[in-house]
Structures are given as C-alpha cells and as structure tokens.
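Fold and geometry: a report
What follows is the residue order along each chain.
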Amino acid sequence: MAALRTAFALLTAACLGSCAAAPPDLGDMTFADEPLLGKAVWHDLITEDLEAASRFYSGLFGWTLEPARGAAGQGYLVARDGNIYVAGLLQARRSAGSNVSRWLPYVSVSNVDSATARVTDAGGTVLVAPRDVPLGRVAAITDEEGAVLGLARSSFGDPDDATTAGAVNRVVWNELLADDPAEAARFYERVFGYQAREIERRGGDYILLHASGGERAGILAKPVADWKPVWLTYFGVTDPAAAVARVEALGGRVVAAPSPELREGTMAVVTDPSGAVLVLQQWPVAANDR
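Please read all numbers here as calculations on a predicted model, not as lab measurements.

Our next topic: the overall build of the protein. Of regular secondary structure, the protein possesses five helices and 16 strands. Taken over 290 residues, the protein has a buried fraction of 54%. In the structure as shown, the protein presents an accessible area of about 11900 Å², 51% of it carried by carbon and sulfur atoms.

So, about the pattern of salt bridges. A full pass over the atoms with the stated rule returns 12 salt bridges. The partner of Asp81 in a salt bridge is Arg170, and the shortest N-O contact between them spans 2.6 Å. Of this pair, Asp81 sits in strand S3 (residues 75–81) while Arg170 sits in the loop between strand S8 (148–154) and strand S9 (171–178), and the two are 89 residues apart along the sequence. Judged by relative accessible area, which is 13%, Asp81 ranks as buried. Between Arg137 and Asp132 there is a salt bridge whose closest N-O contact spans 2.9 Å.

With 12 residues, helix H4 (residues 181–192) should reach 16 Å at 1.5 Å per residue; the first-to-last C-alpha distance of 16 Å fits that figure. Within the sequence span of H4, burial applies to Pro181, Ala184, Ala185, Phe187, Tyr188, Val191 and Phe192. End-on, the buried residues of H4 take up no more than an arc of 160 degrees, which puts them together on one face. Gly193 lies just past H4 and shows a positive phi near 75 degrees.

To continue, consider the confidence of the model for the protein. Per-residue pLDDT for the protein has a mean of 88; in total, 86% of the residues score no lower than 70. Note that residues 2–22 has pLDDT below 50 and, in this model, 64 contacts with residues that lie over four places away or in other chains.

It is worth spelling out the nonpolar core at this point. One recurring pattern in soluble globular proteins is that nonpolar side chains are buried together. One finds Tyr57, Phe61, Trp63, Leu89, Trp103, Leu278 and Leu280 to be the most contacted residues of the largest nonpolar core, which totals 42 residues. In this structure, Trp63 is in contact with Tyr57, Ser58, Ala79, Arg80, Asp81, Val86, Ala87, Leu89, Trp103, Asn169 and Phe235, ignoring residues within four places of it in sequence. Counting residues in each nonpolar core, the second largest holds 26 residues, with Ala115, Ala147, Tyr188 and Tyr194 among its members.

On to a nonpolar patch on the surface. A cluster of nonpolar side chains, contributed by Val224, Trp227 and Val255, occupies part of the molecular surface with about 210 Å² of accessible area. Inspection of the secondary structure puts Val255 in strand S14 (residues 253–256). For Val255, a relative accessible area of 34% corresponds to the partly exposed category.

One pass over the structure, following the stated rule, counts 14 aromatic pairs. Each ring, one from Tyr57 and one from Trp103, has its centre 5.5 Å from the other, and the planes form 85 degrees; the classification is edge-to-face. In this pair, Tyr57 is assigned in helix H2 (residues 50–61) and Trp103 in strand S5 (residues 102–108), connecting sequence segments 46 residues apart. Among the aromatic residues, those joined into a cluster by ring pairs are Phe56, Tyr57, Phe61, Trp63, Trp103 and Phe235.

Turning next to the sheet that holds strand S11 (residues 204–211). The eight strands are arranged S10-S11-S12-S9-S13-S16-S15-S14 in an open sheet whose pairing can be described as mixed. Across the chains shown, the open sheet's two edge strands, defined by having one partner strand only, are strand S10 (195–201) and S14. Going from strand to strand, the sheet's axes swing by 35 degrees on average, the running direction of each strand aside. Two strands pair when backbone bridges link them, and strand S15 (residues 267–271) and strand S16 (residues 277–282) are joined in this way by five bridges, in the antiparallel orientation. Paired with Val270 across the strands is Leu278, a residue of S16. Helix-sheet contacts for H2 involve strand S13 (230–237), S15 and S16, and the interaxial angle to S16 is about 5 degrees.

At a closest axis distance of 10 Å, the pairing of H2 and helix H5 (residues 240–249) adopts a crossing angle of 155 degrees. In terms of their interaxial angle, H2 and H5 are classed as roughly antiparallel. With respect to the hand of their crossing, H2 and H5 are arranged in right-handed fashion. Contacts between H2 and H5 involve Phe56, Gly59 and Leu60 on the former and, on the latter, Ala243, Arg246 and Val247. In terms of residue class, the contact of H2 with H5 is built from four nonpolar, one polar and one charged.

How each quantity is defined
In this numbering scheme, every chain counts its residues from 1 along its sequence in written order. Totals for whole chains, interfaces and linings use all residues, but because this is a predicted model, local features are given only for residues with pLDDT of at least 70 and pairs of side-chain atoms are given and counted only at 80 or more. Side-chain measures here rest on the full set of heavy atoms in the structure, leaving out hydrogens and waters. Secondary structure is summarised from DSSP: a helix means a run of H or I of at least four residues, a strand means a run of E of at least two, and numbering begins at the N terminus for each. Three labels apply to residues, based on accessible area from a 1.4 Å probe with only protein chains included: buried if under 20% of the type maximum, exposed if over 50%, partly exposed otherwise in between. For accessible areas, the Shrake-Rupley method is used with a probe of radius 1.4 Å. Any residue's cover is judged against the shown protein chains and nothing else. When a carboxyl oxygen of Asp or Glu is within 4 Å of a side-chain nitrogen of Lys or Arg, the pair counts as a salt bridge. Expected helix span is given by 1.5 Å per residue-to-residue step, counting one fewer step than there are residues. By definition, the arc is the one covered by directions from the helix axis to the C-beta atoms. Each residue carries a pLDDT score, the predictor's confidence in it, ranging from 0 to 100. Only heavy atoms enter the contact rule, under which two residues are in contact if any of them lie within 4.5 Å. Working definition of a nonpolar core: buried Ala, Val, Leu, Ile, Met, Phe, Trp, Tyr and Cys residues. They are joined through side-chain atoms within 4.5 Å. Each patch is built from residues lacking any salt bridge and having more than 30% relative accessible area; the joining distance is 9 Å for like charges and 5 Å for nonpolar side chains (Val, Leu, Ile, Met, Phe, Trp, Tyr). The pairing test for Phe, Tyr and Trp rings, Trp by its six-membered ring, is centres within 6.5 Å, and the orientation test on the planes gives stacked under 30 degrees, edge-to-face over 60, and tilted for anything in between. For two strands to count as paired, DSSP must find a minimum of two bridges between them. Here the axes come from fitting lines to C-alpha atoms, over the contacting stretch only for helices, and the angles between their N-to-C directions go from 0 to 180 degrees. What sets the label is the angle itself: under 35 degrees gives roughly parallel, over 145 gives roughly antiparallel, 65 to 115 gives roughly perpendicular, and the rest give oblique. Put simply, a crossing is left-handed when the front helix is turned counterclockwise from the back one by less than a right angle, and right-handed when it is turned clockwise. Basically, the charged four are Asp, Glu, Lys and Arg, the nonpolar ten are Ala, Val, Leu, Ile, Met, Phe, Trp, Tyr, Cys and Pro, and anything else, Gly included, counts as polar.

This is the structure:
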C-alpha cells in the first residue's frame, strides 16, 4: 500500500496529462457545458518502465507520445490518437516486491473533497488526498475491496461523449472485477450517485453503472478467485487475434487469448511490458458483448 500511495502521489501531481512543455492543442476536442458526473474523463498509465511502455503503446495503437514533466522530475507523456488526447503515461519509481504498474481511470465528480469524504464513509480508503493540479483537482481512492480509482474535477470542462466515443486505438469501456458485485455496486451508487442495473449476459450476471445520460462502467464477478479486485480499461482493436500477436512482438504478455469461451473471441486480456493489465476489445461490438 505504501508503494501505491507514492506512485499515485506522483501521478496526481502530473497534471492529468495537461502540463506538456507547450500547451496541448485541444482544437479537435469538444467539452460538455456541464460536468459529466460518473464518467471516466481521463486515463493514466502508471508504469515502472516508461521507455518500454512508450514503445509498446505507440507500436500497438499508433499513438503519438508528447513529453511533459511530472512531479519531482518524473517522466510524463501525453498520448494522442490523431488529434484527440487519449491518455497519459507516467514513470513510477520501482518498489521492492510490489509492481505498481497499472491503468488508472479518473471519474468526474462535482467536488473532489466531498467525494473522498463519501469514500471514507462508505468503507473505502483515500490513497492520495485531494490536491490541485493546473487543470483542476484530483484524488486517488480504493473501494471497500481495494480496487483503485482516480477522482477528478476539471477546471475547463469534461470531454464530451462525442470526443471520447469508442473507437479503434482508444478507450472503449471501463469494468470492475469485484469480489462481491452487488456490494461493489452499492459502494459506487453511494459515492458517485450511479444508478446500477443488473442484466443477463453470456457468461453470467453483469451490472451496468449509469450516470449523466449514459452507461459509464460495468461490474463483473472476478473470474479467478485469487485475483485482486481491479478496474480494467478496455481499448478498441479491429482484430483481437492480430492485436495479441503485436502484443507479444512488442514485449507484452497474453493473459487470456481470444477464444470462443471468452465472449466469443471478441476480446483478449494482456499486460504491457511493465505488467499493467489492459483489455483488447474488438470494435465496434454489440453492447452485450462488452
């Protein structure tokens, strides 16, 4: 836990991908007039090997990576797909016996301080206390089961659903693997005001979290008992099998290859060279195949 706190402290000081040497050109991005509460409005990769991660993601998704500066001289890169900024990559310090590499979604909240107070009241933990960054205010928390999530209140507005629409080489979904999905849903309803709806889907029950006029995330029971609860970030790919081959060629590892048993071959679970887990999802895809 101490290693995670250090990594997230560096991350939240890294400006949510906005403190590049020159201001980013946001001309092709549009922003909502009102906060899109409950929406994941940014994603950061914490990685113990920024150089390897840079090669991996630029090779896998074709991202353009622009240098920025994080806290205390830590390296920070902003990833762009075409003219849309999609993510940040932060170099984290290595920690003996604990790999902190992971993808971290940031969820829009109306007030970061109030949200962290609700987290504590609901049985979660505040990993990094609310703090100001150049373009807003952020924090990092864990839920009751230990899954990590970022909170954000942007000072210039949340990227709207047109800007962040699912597409190949971009984030298309966020999903929580939980010990107890129903209990997890109650936690997120209480903290973020989500409306939870349970649906039947191939592979079992699934909980959708609704907010700000859309489906914002899903919750699923962990498929493997000894896995820790975790938020997964899904990225769109044209062909999961071909993407998996690129993952291996770029130094990543395949956790679950596309197969008829895994949502009919439409997805794969992999790690990047530093061990961060991500999901490759065929895109476009039917909603019930997420």
